[in-house]
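Descriptive structure summary
Each chain, written out:
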Amino acid sequence: TKMQQAIDLVNGPNPMAGITMLREMLVQDSNNVDAHYQLGVFAVKSGQLDRAIQRFNKVIQLEPNYLGAYIDLGGVYQSLNQMDVALSYYEKAAALDSTSNYALLFAGQTAERMGEDKKAIDYYRQLLRHTEDTAVVVRVKEMIGRLEK
């Protein structure tokens, strides 16, 4: 598809051609959620965090249940060291999908960084209820054990 071609170009030898394709998609349909989202992802990769925030907010405006936009906004705010804002986005993502390993893990880690150990443990335990990945289970149990000491 055209979207995949654009993504491949951005991640390959000709990033600007892919960005141009995504922008052209938005000229044709300014409400193309996936084009806005991918432009947000690429804005993060290029360090344009203000643009990424705008893109992810646009995605949420167009499609309020777009889980990835909340998680990625949390990541942007975390990189800006705005942990309270980051946590709010991770919590919104966890509310949208209470089984999202990423939302639960990142919410737990962010709460932990903020010194909210009980909240972190709660998110980690919720994650354990929804994952079967043994490596994740082992690591998360270690994190809970460390916080409970």
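Everything quoted here is computed from the prediction, not taken from an experiment. (Residues numbered from 1 in each chain as written. Predicted model: local features only at pLDDT ≥ 70, side-chain atom pairs only at ≥ 80, totals over all residues. Heavy atoms only, no water.)

**Things to note about the packing of helix α1 (residues 2-11) against helix α2 (residues 15-28)**
Angle between the axes and distance between the axes: these two values describe a pair of packed helices. Definition in use: An axis is simply a line fitted to the C-alpha atoms; with a helix, the fit covers only the stretch in contact. Between two such axes, the angle follows the N-to-C directions and lies from 0 to 180 degrees. By the criteria applied, helices consist of DSSP H or I runs no shorter than four residues and strands consist of E runs no shorter than two, each listed in order from the N terminus. Convention used here: angles under 35 degrees read as roughly parallel, angles over 145 as roughly antiparallel, angles from 65 to 115 as roughly perpendicular, and any remaining angle as oblique. A clockwise turn of the near helix away from the far one marks a right-handed crossing, whereas an anticlockwise turn of less than a right angle marks a left-handed crossing. The contact rule is simple, with two residues in contact once any of their heavy atoms fall within 4.5 Å.
Two numbers describe how α1 lies on α2: the axes approach to 6 Å, and their chain directions differ by 150 degrees. By the angle between their axes, α1 is roughly antiparallel relative to α2. Judged by the twist between their axes, the crossing of α1 over α2 is left-handed. Residues Lys2, Met3, Gln5, Ala6, Leu9 and Val10 of α1 pack against Pro15, Ala17, Gly18, Ile19, Met21, Leu22, Met25 and Gln28 of α2.

**Some thoughts on helix α4 (residues 49-62)**
Operational definition: By this rule the span expected of a helix is its residue count minus one, scaled by 1.5 Å. Partly exposed residues are those whose accessible area sits between 20% and 50% of the maximum for their type, while under 20% is buried and over 50% is exposed, using a 1.4 Å probe and protein chains only. Comment: arc refers to directions from the helix axis out to C-beta atoms.
With 14 residues, α4 should reach 20 Å at 1.5 Å per residue; the first-to-last C-alpha distance of 20 Å fits that figure. Those residues of α4 lying buried are Leu49, Ala52, Ile53, Phe56, Val59 and Ile60. For α4, the angular spread of buried residues about the axis comes to 125 degrees, placing them on one side. Projecting away from the buried face of α4 at angles above 90 degrees are the exposed residues Asp50, Gln54 and Gln61. Buried-residue contacts for α4 involve α3 (33-45), α5 (67-79) and α6 (83-96).

**Regarding the side chain of Gln126**
For Gln126, the position within the fold is in helix α8 (residues 117-130). Residue classification places Gln126 among the buried residues on the basis of a relative accessible area of 18%.

**Side note on the pattern of salt bridges**
Heads up, the condition is: Throughout this description, the term salt bridge denotes a Lys or Arg side-chain nitrogen within 4 Å of a carboxyl oxygen of Asp or Glu.
The tally for this structure, following the rule as stated, stands at six salt bridges. Close ionic contact of Lys118 with Asp122 constitutes a salt bridge, the shortest N to O distance being 3.1 Å. Here Lys118 pairs with Asp122, and both are found in helix α8, just four residues apart, close to one helical turn. Notably, a salt bridge pairs Arg125 with Glu148, separated by 2.2 Å at the nearest N-O pair. Pair noted here: Arg125 is in helix α8 and Glu148 is in helix α9 (residues 134-148), with a separation of 23 residues, a long-range link. Here the residues in one salt-bridge network are Glu91, Glu116 and Lys119, joined through shared partners.

**Here we look at the layout of surface pockets**
Any empty space left between the atoms is revealed when a probe the size of a water molecule rolls over them. Counted only if it meets this: Only protein atoms enter the 1 Å grid used here. Points where a 1.4 Å probe fits but cannot escape make up a cavity, open sets with protein on both sides within 12 Å along at least five of seven lines make up a pocket, and a residue lines them when an atom lies within 4 Å of a point. Grid points are joined across faces, edges and corners, and a volume is the space filled by probe spheres set on the points. Three categories are distinguished: nonpolar for Ala, Val, Leu, Ile, Met, Phe, Trp, Tyr, Cys and Pro, charged for Asp, Glu, Lys and Arg, and polar for the others, with Gly belonging to the last.
Of the voids in this model, the largest pocket is the one considered here, and its volume is about 300 Å³. If you go around the largest pocket, you meet 15 residues; those closest to its centre are Ile19, Arg23, Ala43, Ser46 and Gln48. Looking at the lining of the largest pocket, the elements with two or more residues in it are α1, α2, α3 and α4. Each residue belonging to the lining of the largest pocket can be placed in one class, and the counts come to seven nonpolar, four polar and four charged.

**Here's the deal with α5**
With 13 residues, α5 should cover 18 Å at 1.5 Å per step; its first-to-last C-alpha distance of 19 Å lies within 8% of that length. Listed in full, the buried residues belonging to α5 are Ala69, Tyr70, Ile71, Leu73, Gly74, Val76, Tyr77 and Gln78. Where α5 is buried, its residues touch α3, α4, α6 and α7 (101-113).

These results come straight from atomic positions and should not be treated as a statement about function.
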